[in-house]
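Now for the letters of each chain:
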Protein chains: 2
Amino acid sequence: MAKNVHTQATQRTGSPDGSRSKRPEILTTAIEHFGRDGYEYTKWADIAHDVGLGSTALYHYFESKLHCLFEIHAEALQAERERFERLTADGGDFGPALVRLLNGLFDLSDLDVLRNRVLVAEEGVIAVPRKSPREEEARRVARARMRDIEFAWAAFLTRGMEQGAIPEADPRLLTHAILGLYKSVWHWYRPGGGLSLDDIREFFVGRCLAVAGYLQPASVPAGRKARTTRRAA
Amino acid sequence: MAKNVHTQATQRTGSPDGSRSKRPEILTTAIEHFGRDGYEYTKWADIAHDVGLGSTALYHYFESKLHCLFEIHAEALQAERERFERLTADGGDFGPALVRLLNGLFDLSDLDVLRNRVLVAEEGVIAVPRKSPREEEARRVARARMRDIEFAWAAFLTRGMEQGAIPEADPRLLTHAILGLYKSVWHWYRPGGGLSLDDIREFFVGRCLAVAGYLQPASVPAGRKARTTRRAA
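This structure is a prediction, so every number in the text was calculated from the model and none was measured.

Definitions and limits used
Residues numbered from 1 in each chain as written. Chains lettered and ligands numbered in written order. Predicted model: local features only at pLDDT ≥ 70, side-chain atom pairs only at ≥ 80, totals over all residues. Heavy atoms only, no water. Helix = DSSP H or I, 4+ residues; strand = E, 2+ residues; numbered from the N terminus. Buried < 20%, exposed > 50% of the residue type's maximum accessible area, 1.4 Å probe, protein only. Contact = heavy atoms within 4.5 Å. Areas by Shrake-Rupley, 256 points an atom, 1.4 Å probe, with all protein chains shown as cover. Salt bridge = Lys/Arg side-chain N within 4 Å of Asp/Glu carboxyl O. pLDDT = per-residue confidence, 0-100. Disulfide = S-S within 2.5 Å. Core = buried A, V, L, I, M, F, W, Y, C linked by side-chain atoms within 4.5 Å. Axes fitted to C-alpha atoms, helices over the stretch in contact; angles between N-to-C directions. Parallel < 35°, antiparallel > 145°, perpendicular 65-115°, else oblique. Left-handed = near helix turned anticlockwise from the far one by under 90°. Nonpolar A, V, L, I, M, F, W, Y, C, P; charged D, E, K, R; others polar. Phe/Tyr/Trp six-rings, centres within 6.5 Å; stacked < 30°, edge-to-face > 60°. Lys NZ or Arg CZ within 6 Å of the ring centre and 35° of its normal.

Caption draft 1: The overall build of chain A, seen in detail. Along the backbone of chain A there are ten helices and zero strands. Counting from the amino terminus, helix and strand elements in chain A follow one another as α-α-α-α-α-α-α-α-α-α. Relative to its full complement of 233 residues, chain A shows a buried share of 55%. When contacts within chain A are restricted to residue pairs at least 6 apart in sequence, those whose partners lie at least 24 apart make up 69%. When the accessible surface of chain A is totalled, it reaches about 10700 Å², and 51% of it is carbon and sulfur.

Caption draft 2: Local environment of the pattern of salt bridges. Residue and element names in this part refer to chain A. This structure, assessed with the given rule, holds 29 salt bridges over all chains. A salt bridge links Asp-107 to Arg-201, with the shortest nitrogen-to-oxygen separation between them at 3.2 Å. Placement of the pair is Asp-107 in the loop between α6 (94-104) and α7 (110-121) and Arg-201 in helix α10 (residues 197-212), with a sequence separation of 94 residues. Taking the shortest distance from any N to any O, the salt bridge between Arg-201 and Asp-198 comes out at 3.5 Å. Taken together, the positions of Arg-201 and Asp-198, both in helix α10 and three residues apart, correspond to about one turn of that helix. By relative accessible area, which is 17% here, Arg-201 ends up buried. A single salt-bridge network, built from bridges that share partners, covers Arg-23, Glu-71 and Glu-75.

Caption draft 3: Fine view of the confidence of the model for chain A. Residue and element names in this part refer to chain A. Looking at chain A as a whole, its pLDDT mean stands at 86, while 84% of the residues score no less than 70. A low-confidence stretch, residues 1-15 (pLDDT under 50), is modelled with 21 contacts involving residues beyond four sequence positions or located in other chains. Contacts from residues 217-233, a stretch scored under 50 in pLDDT, to residues over four places away or in other chains number 35 contacts. Both scores are given for the predicted complex: the pTM is 0.84, the ipTM 0.83.

Caption draft 4: Looking closely at the state of the cysteines. What the rule picks out here adds up to zero disulfides over all chains. B:Cys208 provides the cysteine sulfur closest to A:Cys208, a residue in no disulfide bond, and the two sulfurs are 12 Å apart. Note on A:Cys208: relative accessible area 0%, which makes it buried.

Caption draft 5: Structural context of the nonpolar core. Counting residues in hydrophobic clusters, the biggest one holds 146 residues, and the most contacted among them are A:Trp153, A:Trp186, B:Trp153 and B:Trp186. Every residue in contact with A:Trp153, bar those within four places of it in the chain, is listed here: A:Phe84, A:Leu98, A:Leu101, A:Leu102, A:Leu105, A:Thr175, A:Ile178 and A:Leu179.

Caption draft 6: Up close: the packing of α6(A) against α10(A). Residue and element names in this part refer to chain A. Between α6 and α10, whose axes approach to 10 Å, the crossing angle comes to 140°. When the axis of α6 is compared with that of α10, the two are oblique. Every pair of crossing elements has a handedness; the one defined by α6 and α10 is right-handed. For the pair α6 and α10, contact is made by Leu-98, Val-99, Leu-102 and Asn-103 and by Arg-201, Val-205, Cys-208, Leu-209 and Ala-212, respectively. Looking at side-chain class alone, the contact of α6 with α10 contains seven nonpolar, one polar and one charged residues.

Caption draft 7: Highlighting the packing of aromatic side chains. Under the counting rule described, the total for this entry stands at 26 aromatic pairs over all chains. Summarising the aromatic geometry, the rings of B:Phe84 and B:Phe156 are spaced 5.9 Å apart at their centres and angled 85° between planes, so their arrangement reads as edge-to-face. Of this pair, B:Phe84 sits in helix α5 (residues 65-88) while B:Phe156 sits in helix α8 (residues 133-162), and the two are 72 residues apart along the sequence. Between the aromatic rings of B:Trp188 and B:Phe204, the centroid separation amounts to 6.2 Å while the plane-to-plane angle is 40°, which identifies the pairing as tilted. Separated by 16 residues along the polypeptide, B:Trp188 in helix α9 (residues 171-188) and B:Phe204 in helix α10 (residues 197-212) bring together distant segments of the chain. Three or more aromatic residues link up through ring pairs in this structure, and these residues are A:Phe106, A:Tyr182, A:Trp186, A:Trp188, A:Tyr189, A:Phe203 and A:Phe204. Between the NZ or CZ atom of A:Lys65 and the centre of the ring of A:Tyr39, over which it lies, the distance is 4.2 Å.

So, in structure tokens, the structure goes:
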């Protein structure tokens with residue numbers, strides 16, 4: 001799995017360092033440290049040690065722990081954006097596309113889950129400008145990609161409203177709500193616990209659809225005490 | 001507003017330092033710094049400077065920036081727990097109680113909003129044990145209160161399922177989903193922007209009810225293109 005991520009990361013970034021670049025390995029190691037121990041509690045020197053680099057060589061790739069974190073954000077959001085495009089490309093009926101998209105968001109390796117945990121735990125840092133040019137450039141790329149994803153979601157949801165598949169609503173607020181509910185999973189979910197990713201997917205896809213106002217029959221299995229569509233005063 | 005918060009904090013903690021304790025002022029100042037600049041980017045010395053204390057005097061109250069953060073969590077969660085009790089105390093019909101509770105969660109001062117932003121941005125630190133006894137004690141208190149709130153929510157939602165007001169579901173997952181959606185607001189909402197807290201409340205209370213499977217008529221104003229109860233394949 002880790003090897004697969006390395007390959008993807010190299011292809012994505014088109015690193016000028018060539019095929020022997022340590023960049024993917026550093027990013028993977030950093031995700032493992034940040035995801036397991038927390039960003040705050042991870043020492044940059046420990047990552048250098050794990051990948052077998054001195055501080056000068058490491059500096060060639062990343063100026064600081066924060067710079068590395070911004071690059072993790074930027075790469076993850078790039079992958080997220082590409083997945084969004086792939087899953088919504090056919091331009092057909094909104095409803096099935098929404099269901100496909102939400103299900104696709106849970107197609108994750110253990111390392112992806114760990115990366116998502118890092119992203120949500122450290123999302124706030126993206127908002128604060130940095131003085132270092134390298135840090136600031138990486139931060140701006142990450143922030144632009146995040147906004148790009150939010151914009152793509154809002155446009156997609158607007159299409160659903162236009163088709164009458166979901167109720168009219170502020171598309172930006174609805175984007176915040178759906179992505180907020182999705183992202184909230186990574187604050188507490190740990191692989192290997194009592195719940196599989198499929199359990200999580202089944203529960204949360206249904207709830208995201210409910211937030212959008214698009215209710216599938218599949219989200220209301222037979223035998224429940226109350227119908228999901230129940231209305232009360 | 002700040003003065004009001006001071007009073008509440010003193011009453012809550014019953015500080016042994018007496019009425020001239022600087023503790024509430026330090027907490028408020030820390031919330032303002034953490035909420036505005038981010039925890040990571042706030043210097044502990046700046047908080048000391050703002051409240052007019054030297055490092056020795058400050059140490060009397062909090063051992064470190066992290067210790068202070070844990071205490072902010074602990075106090076906020078205590079207040080949250082008390083509010084939960086107050087809003088669900090009457091033990092009547094589940095539906096109206098859920099609506100009242102969710103609406104109550106948005107009764108917030110600007111400082112409360114800032115505090116919520118700190119809580120969600122730094123929620124992850126609560127999970128990692130500390131070596132310092134003072135830090136660790138505060139961390140454990142905060143973590144226990146967070147679990148206590150989640151347990152209270154799960155019990156409350158179970159009551160709703162028992163009454164047939166919402167569909168049967170895993171109460172812990174449903175708690176995660178509703179609280180996750182609620183908390184997600186504080187990752188991006190800023191007072192004084194284009195949206196008032198009432199706008200946010202109106203939108204998010206309805207979506208939290210949808211997640212629970214409890215749909216009010218009020219959440220579907222007339223004139224929308226599609227009904228919220230629409231079902232599609």
